[in-house]
Amino acid sequence: MTMQGKTPETIILGAGLTGLSAAYHGGGTVYEKSDGPGGKCISPKIDGYTFDLGIHVLHTRNEYVLNLLQNELKVDFIMQDRAAWIYSHETLTHYPFQANTFGLPIPIVKECLLSFIHAYQKSNGSKSHVYHNYEDWINAHFGKGIAKHFMVPYAEKFWTVSPKEMTTDWLDVRVPMPTLEEVVEGALTRQTKGFGPNIKFRYPTVNGIFELAESFVRGGVNVFLNKTAIQVDLERKKITFSDGTSCSYEVLISTIPLPELVRLSRVPEPIVAAAERLRYNSILCVNLGIDRDNLNANHWIYFPEKEYSFFRISFLKNFAASMTPGGKSSISAEIAYSGGQSVNKEQIVERVVEDLVKAKILLQKDRIDLVDVRDMKYGYVIYDHDREQSLKMIKNFFRKNSVLVAGRYGNWEYQWMDDAILDGKKVAEEASDFVARGVK
Ligand SMILES: Cc1cc2nc3c(=O)[nH]c(=O)nc-3n(C[C@H](O)[C@H](O)[C@H](O)COP(=O)(O)OP(=O)(O)OC[C@H]3O[C@@H](n4cnc5c(N)ncnc54)[C@H](O)[C@@H]3O)c2cc1C
């Protein structure tokens, strides 16, 4: 059976923010394997609680994206001042660690401060330095103390690989870089100054972060759901779905994870090998509904230490009151594990609860109303030393075959939601150029 057999057109695989944005900006038919749109930008609603897939806040300053979401697609946001902390050495300190060591045991503050000054003196004036890996970069910018007490253990826990295996081309604004004065100030006082791209963020008043994805559907994007692509025939330009249907395309926009696209298509051996070299971490999200009001006043807390199972926990009620039923709270714990491996979900839930009690977030007597576990096979793309070259090969190959890749997993990049929306717009424009030029 053929659904779109007569007129080949632009087909979009995946209805995450990238696919939805591509369809909104350029038209085309969207096919999605899940039973709803949104991809990573969904917010499951269970028994009056709403959860996201890990922390999802909109911290963009991009005027186009803000205008699109707020004015065109009518998303109603609450503006928030971020309250983010780090729990280490049984102490809560403000995020980011490098600018806020005040409150930690004095020998640790001293070690962090002295080695920061040493690194500062050493690197002063040599901004053009080339760093061999992320760990070198950390040591050069923050010194060995901050590296040892936060940056390296957190990187290992979050990325699931040594920072020595990573490049630095993903850093951009992602790791805040306080000045010497700010580091000293934050060692001597509990400074109130915020750092990083998300010191202020927007969050939808209702529906959780899914409101962003849903706004595109309200804006007219139509998605064919429960359509899992199982084969992409590059020669005949035809996609087959798991329900036996198929469609033809002139240009294919693929937002599904790049290794999956390679698996579905018949590609030369070097492309298969390049795809096997693409690395990623996976994220497990343990969501808990708690029978206690006002459990915690913050947005989220980072946990760099290995003895805690999660790298981060968040309190969704503080993002928007609509996220929990009256008189209740919720916690979302994020656990990173090595890409594609498996985790025992029952054991991990028990461990998360134990760790929350150990960190004094939960009390022994707290009643847990609800447990919900979400597993994300593809969490974050790992920027290792092979990524750039492998990626170039794969993308060039698909481009020559009228397949344009886009989005966080299609382009295999560390993209945020605003990047995904902008990438969707960009690829829609490229696709219409392809069609106009009649590229085969
Ligand atoms: C834990 C976590 C926290 C994040 N926090 C933030 C944040 O705070 N702020 C921020 O701005 N961004 C955040 N992001 C990034 C944000 O989620 C992404 O940039 C964005 O949602 C990616 O959208 P996408 O459409 O590119 O990919 P996805 O949302 O993954 O969409 C891809 C779609 O393809 C579908 N698909 C896959 N295979 C097939 C197939 N064979 N056939 C058909 N369909 C298929 C999938 O079901 C999915 O719907 C976070 C991401 C993660 C993982």
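Residues numbered from 1 in each chain as written. Predicted model: local features only at pLDDT ≥ 70, side-chain atom pairs only at ≥ 80, totals over all residues.

A.B. asks: For the pairing of strand S10 (residues 229-233), give the residues involved together with the corresponding values.
C.D. replies: Pairing between S10 and strand S11 (residues 238-241): four bridges, direction antiparallel. Directly across from Val232, in S11, lies its bridge partner Ile239. (Pairing = 2+ DSSP bridges. Helix = DSSP H or I, 4+ residues; strand = E, 2+ residues; numbered from the N terminus.)

A.B. asks: Could you give an account of the site of the ligand, with specific residues and numbers?
C.D. replies: Around the ligand, a shell composed of 37 residues is seen, among which Gly14, Gly16, Gly39, Gly54 and Gly407 lie nearest. Counting residues per element, the ones that place at least two in the shell around the ligand are helix H1 (17-26), strand S17 (368-381), helix H11 (407-410) and helix H12 (417-437). The residue makeup of the shell around the ligand, split by class, is 17 nonpolar, 13 polar and seven charged. Structurally, the shell around the ligand is a two-domain feature, drawing no fewer than three residues from each of domain 1 (9-40 + 59-80 + 205-279 + 385-437) and domain 3 (280-381). (Near = placed C-beta within 6 Å. Nonpolar A, V, L, I, M, F, W, Y, C, P; charged D, E, K, R; others polar. Domains from an automatic or database assignment.)

A.B. asks: Would you mind going over the domain arrangement of the protein in detail, with residue names and values included?
C.D. replies: Domain assignment breaks the protein into domain 1 (9-40 + 59-80 + 205-279 + 385-437), domain 2 (97-187) and domain 3 (280-381). A straight line from the C-alpha centre of domain 1 to that of domain 3 covers 29 Å. Contacts between the two partners involve 13 residues from domain 1, matched on the other side by 10 residues from domain 3. Residue composition of the side of domain 1 that touches domain 3, by class: seven nonpolar, three polar and three charged. (Contact = placed C-beta atoms within 7 Å.)

A.B. asks: Can you tell me about the sheet that holds S17, naming the residues and giving the values?
C.D. replies: Spatially, S7-S6-S14-S15-S16-S13-S17 is the arrangement adopted by the seven strands of the open sheet, whose pairing is mixed. Across the chains shown, the open sheet's two edge strands, defined by having one partner strand only, are strand S7 (91-94) and S17. On average, each strand axis in the sheet is inclined to that of its neighbour by 25°, with strand direction left out of account. Sheet analysis places strand S6 (residues 84-88) next to S7, joined by four bridges and oriented antiparallel. Within S7, the residue paired with Tyr87 across the bridge is Leu92. Where helix H4 (residues 134-159) meets the sheet, it contacts S6, strand S13 (280-290), strand S14 (300-302) and strand S16 (329-338), and its direction lies at approximately 100° from that of S6. (Axes fitted to C-alpha atoms, helices over the stretch in contact; angles between N-to-C directions.)

A.B. asks: Summarise the nonpolar core; cite the residues concerned and give the values.
C.D. replies: Counting 119 residues, the largest nonpolar core has Met151, Ile253 and Leu258 as its most contacted members. In terms of residues, this core owes the most to one element, H4, which gives 12 residues. Setting aside residues up to four positions removed in sequence, Leu258 forms contacts with Ala275, Leu278, Ile394, Val405, Tyr409, Gly410 and Trp412. (Core = buried A, V, L, I, M, F, W, Y, C linked by C-beta atoms within 7 Å. Buried ≥ 20, exposed ≤ 12 C-beta atoms within 10 Å, placed from the backbone.)

A.B. asks: An account of the packing of helix H3 (residues 106-123) against helix H5 (residues 180-188) is requested, with residue identities and associated values reported.
C.D. replies: Contact geometry of H3 with H5 gives a least axis separation of 11 Å together with a crossing angle of 170°. Considering the angle they form, H3 stands roughly antiparallel to H5. For the pair H3 and H5, the contacting residues are Val109, Leu113, Phe116 and Tyr120 in the first and Leu180, Val183, Val184 and Ala187 in the second. Classifying every residue of the contact of H3 with H5 gives eight nonpolar, no polar and no charged. (Parallel < 35°, antiparallel > 145°, perpendicular 65-115°, else oblique.)

A.B. asks: How would you summarise the environment of Leu17 if you had to cite specific residues and measurements?
C.D. replies: One can find Leu17 in helix H1. Between the C-alpha atom of Leu17 and that of Arg408, which follows or precedes it by 391 residues, the distance is 9.6 Å. If we ignore the near neighbours within four places in the chain, the residues touching Leu17 are Gly39, Cys41, Leu212, Ala213, Met417, Ala420, Ile421 and Gly424.

A.B. asks: Help me get a handle on unusual backbone geometry, residues and values and all.
C.D. replies: Between Tyr95 and Pro96 the backbone carries a cis peptide bond, its omega angle lying at 0°. Of note, Pro96 is situated in the loop between S7 and H3. We note that Asn207 has phi near 75°; this positive angle belongs to a residue other than glycine. Inspection of the secondary structure assignment puts Asn207 in the loop between strand S8 (200-204) and helix H6 (210-218). Of note in this structure, Asn294 is not a glycine but carries a positive phi near 45°.

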